[in-house]
Amino acid sequence: MPSLEPTGRASEGAIQVELSRRSGEGSFAGIKAAYDFNGNDGYTLTDISKNGNNGEFYGNTVLLMNFDDGTADDKSAYNNDGSLIGGVDCGVAGINGKGCSFDGIDDYIGFTVPIDFPVSNGFSISLWFNWLGYSDGVASMIFLIGNTHGTIGNNIELIVDPGNLIRFRAFGTSGPTYPLTTNNLYFITATMTKNGEMRLYINGDLQGSPVAGNAITNLVVGNGYVGQYPTGIYNF
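As a starting point, this report considers the structure included with it. None of these values were measured; they are calculated from a predicted model. (Residues numbered from 1 in each chain as written. Predicted model: local features only at pLDDT ≥ 70, side-chain atom pairs only at ≥ 80, totals over all residues. Heavy atoms only, no water.)

Moving on to the overall build of the chain. Secondary structure summary: the chain contains 0 helices and 20 strands in total. Residues counted as buried form 44% of the 236 residues belonging to the chain. Long-range contacts, defined here as pairs at least 24 residues apart, represent 52% of the contacts in the chain between residues at least 6 apart. Counting only carbon and sulfur atoms, one obtains 49% of the accessible surface of the chain, whose full area is about 10800 Å². (Helix = DSSP H or I, 4+ residues; strand = E, 2+ residues; numbered from the N terminus. Buried < 20%, exposed > 50% of the residue type's maximum accessible area, 1.4 Å probe, protein only. Contact = heavy atoms within 4.5 Å. Areas by Shrake-Rupley, 256 points an atom, 1.4 Å probe, with all protein chains shown as cover.)

Set out below in structure tokens:
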């Protein structure tokens, strides 16, 4: 299924495919292939174990922002580059590499959703974030695709609702939630199958039971936002 990954960082730097036991920490001895996703172009995989087992991406990642170059450029093959609005700083230290800091006033990342944005077979969203509290006392928008909010229309969103609850909403369904505490680092993954089954994972753990939502379709052409709702409210 496609994944939407505004990260800083969603991956832990490198995935090592171990076909035999390593001889020591930090060594590639015994490893047949190791791939560092931080340094690739979205199309090819270079085997950094120097065994020559290079490869290509065959997944359907349609948005990948790792912020390592201080921009919101999309590192996937789709080139859905984002724009830094309001002075958002994407040069701060992240969990691995760079991350973005939002001032809670007017900072956000904006990008255009193309007509061929494919999510009808299911999708996942993964990101790291550290929430410092409500900037306007109502809600904090983490991630939104679409021009609507809540349970209306073709939208996908991760938002901190009243009560310090992070909520996953998509395609007219208000899905799983999780209670947050401020000034803590979280790794969140939200998934939705093509028949509408929604799941929320926090730091790798499934939260509650899956929620039966509406069957999904491809998104209409619209916009994407990280850190703000389109009308300038719900600043992160």
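Right, let's talk about the nonpolar core for a bit. Within the largest apolar cluster, 38 residues are counted, with the highest numbers of intra-cluster contacts made by Ile 109, Phe 123, Phe 129, Ile 142, Phe 143, Leu 158 and Phe 168. Elements that contribute at least two residues to this core include exactly β6 (63–65), β10 (108–113), β11 (122–130), β12 (140–145), β13 (156–161), β14 (165–170), β16 (185–193) and β17 (197–202). Setting aside anything within four residues of it in sequence, one finds Phe 129 in contact with Ile 142, Ile 166, Leu 180, Asn 184, Leu 185, Tyr 186, Ile 188 and Phe 236. (Core = buried A, V, L, I, M, F, W, Y, C linked by side-chain atoms within 4.5 Å.)

Of all 6 residues making up β12, 6 are buried, and the element is well covered by its neighbours. Pairing geometry for β12 and β13, over 5 bridges, is antiparallel. In the strand pairing of β13, Ile 145 is matched with Ile 156. (Pairing = 2+ DSSP bridges.)

To continue, consider the pattern of salt bridges. Throughout the structure, instances matching the rule amount to 5 salt bridges. As a salt-bridge pair, Asp 161 and Arg 167 come within 2.8 Å of each other at their nearest N and O atoms. Overall, the relative accessible area of 9% leaves Asp 161 in the buried class. Here Arg 169 makes a salt bridge to Asp 161, at a shortest N to O gap of 2.7 Å. On the basis of relative accessibility, which here comes to 10%, the residue Arg 169 falls in the buried class. Each of Glu 157, Asp 161, Arg 167 and Arg 169 takes part in one network of salt bridges that share partners. (Salt bridge = Lys/Arg side-chain N within 4 Å of Asp/Glu carboxyl O.)

This part takes up unusual backbone geometry. Positive phi, normally seen in glycine, also occurs at Phe 67, with a value near 65 degrees. Owing to a relative accessible area of 5%, Phe 67 belongs among the buried residues under this scheme. Even without glycine at this site, Asn 164 takes up a positive phi of about 60 degrees. Topologically, Asn 164 is positioned in the loop between β13 and β14.

A separate point is the state of the cysteines. For the coordinates displayed, the defined rule picks out 1 disulfide. What pairs with Cys 90 in a disulfide is Cys 100, and their sulfur atoms sit 2.0 Å apart. Handedness here is read from the sign of the S-S torsion; for Cys 90 and Cys 100, about 105 degrees, the answer is right-handed. Highlighted residues: Cys 90 in strand β8 (residues 89–93) and Cys 100 in strand β9 (residues 98–101), separated in sequence by 10 residues. Cys 100 carries the same exposure label as Cys 90, and that label is buried. (Disulfide = S-S within 2.5 Å.)

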